[in-house]
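These are the residues of each chain, in order.
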Amino acid sequence: MTAVHQELHFADAGEAADLAAFLARLIHYDRAAAVRLQAGGGVLAVFGRPPSFDVLAIRTARLEAIVPTDAVSASATAAGGPGGPRGSRGSGGLDTTVSAGEFADALDRARAERTAEAAGGRGLVVIVPQAVTGPPWAGVLPPRGGWRRVDGLPGADEVRGAVTAAVAEFRARDAALPEERRTRAERDRIGQEIWSRTLGATGLPLRAVHAAQSLGFLRPVRATAASAATTPAGARGGVTTAPGPTADPLVLLAAGGWLRLRTPYGSVAVRTSGFPGLSVTPA
């Protein structure tokens, strides 16, 4: 029996490149990282969980279509050959967990194999890797809707400053430890104290802001990022951003026991109950 694959037809190759960079950061923290992919309504949402931060990271990209195709035609299509998809084009759904490394390789391969003619367009066609057994976190995602805005979030510069100050405090306290106390348990204790603090009165743990910084979500906004932040509804986890390039760079949202820091480059979501048993030592 012929294996069935799915192709993701990205609306913008630049968004696919940004997604590849996000995957590379996840792999930096965990070479065996898995990501959950959910798509619908013209949007792909990619969920990952970088170790040590106790958060879910979310990146989105716009899709033109999700196309089922058999293994032979998928291979030909990815290489720019004449095979073409046998399934009909459409904006069907997708929900699967895959290796972050394999998905990053698929993105890189599709970008490298684009023909000169195709490179003149905006889109990119990527074959979805084979599904893997998902880690426990992949079954507990943020709610699809019902998000409300939380007031009191500081500006972007102040948020970045809070992360910088917390990292500096951790390093200073770690350096001040006597040699006999410089253990992983002691460092975790210090990290737990620092990263469990909340950002002002928002209730958002500093570890979530640190994760956003480490994943590149807090970098200064470029003009195109603000425009790209506008995505249609449909991806699980309330991953869509405010409508329009004039949307606030950083917004804090709450729904169903979750808090989500939304930025033009992605979101970081954290359960208010947390995930027990994880180290919070900064990477």
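Bear in mind that the values here come from a model prediction, so they are computed numbers and not experimental data. (Residues numbered from 1 in each chain as written. Predicted model: local features only at pLDDT ≥ 70, side-chain atom pairs only at ≥ 80, totals over all residues. Heavy atoms only, no water.)

**A few points about the overall build of the chain**
Along the chain, the regular secondary structure elements total 8 helices and 10 strands. The buried share of the chain, taken over its 283 residues, is 48%. Counted over contacts in the chain with a minimum sequence separation of 6, partners at least 24 positions apart contribute 70%. Surface accessibility of the chain: about 12900 Å² in total, with carbon and sulfur atoms responsible for 52%. (Helix = DSSP H or I, 4+ residues; strand = E, 2+ residues; numbered from the N terminus. Buried < 20%, exposed > 50% of the residue type's maximum accessible area, 1.4 Å probe, protein only. Contact = heavy atoms within 4.5 Å. Areas by Shrake-Rupley, 256 points an atom, 1.4 Å probe, with all protein chains shown as cover.)

**What about helix H3 (residues 100-112)?**
The end-to-end C-alpha distance of H3 is 18 Å, a good match for the 18 Å that 13 residues give at a rise of 1.5 Å each. Burial in H3 covers these residues: Ala100, Gly101, Phe103, Ala104, Ala106, Leu107 and Ala110. N-capping of H3 is provided by Ser99, with a side-chain oxygen placed 3.2 Å from the backbone N of Gly101. (Expected span 1.5 Å × (residues − 1). Polar contact = N/O pair within 3.5 Å; in protein donor to acceptor, adjacent residues only side chain to side chain.)

**Some details on the pattern of salt bridges**
Counted under the stated rule, the structure contains 17 salt bridges. Between Asp95 and Arg36 there is a salt bridge, with the nearest N and O atoms lying 3.0 Å from each other. Of this pair, Asp95 sits in strand S5 (residues 94-99) while Arg36 sits in strand S2 (residues 34-40), and the two are 59 residues apart along the sequence. For Arg187, the salt bridge is made with Asp174, and the minimal N-O distance between the two is 3.0 Å. Residue Arg187 is found in helix H6 (residues 184-195), and its partner Asp174 is found in helix H5 (residues 156-175); the two are separated by 13 residues along the sequence. (Salt bridge = Lys/Arg side-chain N within 4 Å of Asp/Glu carboxyl O.)

**Concerning unusual backbone geometry**
In this model, Ser52 sits at a positive phi of 80°, which is unusual for a non-glycine residue. With respect to the helices, strands and loops of the structure, Ser52 is situated in the loop between strand S3 (43-48) and strand S4 (56-70). Despite not being glycine, Asp54 shows a phi value in the positive range, around 60°. Looking at the secondary structure, you find Asp54 in the loop between S3 and S4. Judged by its relative accessible area of 8%, Asp54 falls in the buried class.

Limitation: the analysis is restricted to geometry and does not speak to function.
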